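Residue-level structure breakdown
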Amino acid sequence: MLGFVLLSVLWVLILRFVPPPITLTMLGDVPTGHGITKSWRSLSAIDPDMPRAVIAAEDSRFCAHNGFDYIAIANAARSNAEGRRIRGGSTISQQTAKNVFLWQGGGYFRKGLEAWFTVLIEAMWGKRRIMEVYLNVAETGIGTYGVEAGARRYFKHGAARLSGREAAQIAAVLPLPKKRAGIAPTGFTGRYARTIERRIAIVRREGLDGCLN
């Protein structure tokens, strides 16, 4: 147990300064033949509307919580208990911990590890680094990782030039990147992208992304 604690702390410390070279999710794409397309970009090289879009879509209290949004967790538990659409309560910090250090899927063991790594990255990385890593490792399409690769795949230009609409479309893809279209989305994905685009203005106006400045 002591060895695990020391190794995990060292691992998190190293990735505070070094881009994660690969993740288990990325490795899972190799046998399918899709390959891995990714291109690291610092947060300063990504249009500010992109982090605003994921805050609007995934975690409106990102700058206020300590890695766990207990209000969202309670709301998700209530919704699921009432038999409504299954909802998750994971924050961007938790998703980053899962994407970088663990594997996809559920289970109490993995969730426990996710909580441990969430505590570590909140303590050792800070919000700006968490957002930077999240935007570079999140799956944005089949075999496509990070918003830079996603922007080039869908819009033929880099993440530094994303419009609010384009950022919203990428954010709308994130929950189901293998099934949702990032360009010319229709149906629910299209409606969701338009909702996120409107919420970007709220994030900007209310300073919900203030911890990234």
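Scroll up to find the structure this text is about.
Residues numbered from 1 in each chain as written. Predicted model: local features only at pLDDT ≥ 70, side-chain atom pairs only at ≥ 80, totals over all residues. Heavy atoms only, no water.

**Remarks on the overall build of the protein chain**
Selection criterion: Strands here mean DSSP runs of E at least two residues long; helices mean DSSP runs of H or I at least four residues long; both are numbered from the N terminus. Whether a residue is buried, partly exposed or exposed follows from its accessible area with a 1.4 Å probe, protein chains only, as a fraction of its type maximum: under 20%, in between, or over 50%, in that order. The contact definition used throughout considers only heavy atoms, calling two residues in contact when any of these lie within 4.5 Å. Each accessible area value is a Shrake-Rupley result obtained with a 1.4 Å probe; residue values ignore everything except the protein chains displayed when judging cover. In summary, the charge assignment counts Lys and Arg as positive and Asp and Glu as negative, without counting His or the chain termini. Every charge is mapped to an atom, namely NZ of Lys, CZ of Arg, CG of Asp or CD of Glu.
Within the protein chain, the regular secondary structure consists of 10 helices and three strands. Taken along the three principal axes of its C-alpha coordinates, the protein chain extends 50 × 40 × 35 Å. Across the 213 residues that make up the protein chain, the buried fraction comes to 48%. Of all intrachain contacts in the protein chain linking residues separated by at least 6 positions in sequence, the fraction that spans at least 24 positions is 67%. For the protein chain, the computed accessible surface area is about 10,500 Å², with 60% contributed by carbon and sulfur atoms. If you average the places of the 29 positive and of the 16 negative side-chain charges in the protein chain, the two averages end up 4 Å apart.

**Structural notes on the packing of aromatic side chains**
The condition is simple: Stacked, edge-to-face and tilted are the three classes for Phe, Tyr and Trp ring pairs, Trp counted by its six-membered ring, which pair at centre distances within 6.5 Å; planes under 30 degrees apart are stacked, over 60 edge-to-face, the rest tilted. Only lysine NZ and arginine CZ atoms are considered, and such an atom sits over a ring when it is within 6 Å of the ring centre and within 35 degrees of the ring normal.
Inspection of the entire model under this criterion finds nine aromatic pairs. Between the aromatic rings of Phe4 and Phe117, the centroid separation amounts to 6.5 Å while the plane-to-plane angle is 85°, which identifies the pairing as edge-to-face. Here Phe117 lies in helix α6 (residues 108–124) and Phe4 lies in helix α1 (residues 2–15), a separation of 113 residues in the sequence. Phe117 sits in the buried class, given a relative accessible area of 2%. Judged by centre distance (5.6 Å) and plane angle (25°), the rings of Phe188 and Tyr192 are stacked. One end of the pair, Phe188, and the other, Tyr192, are both in helix α10 (residues 187–206), four residues apart, so they sit about a helical turn from each other. Look at Tyr192 and you get buried, because its relative accessible area is 17%. An aromatic cluster is defined as three or more aromatic residues linked by ring pairs; in this entry it consists of Phe4, Trp11, Phe101, Phe117 and Trp125. Taking NZ or CZ as reference, Arg16 lies 5.3 Å from the ring centre of Phe17, over its face. The ring of Phe62 has Lys127 sitting right over it, with the charged end atom 4.7 Å from the ring centre.

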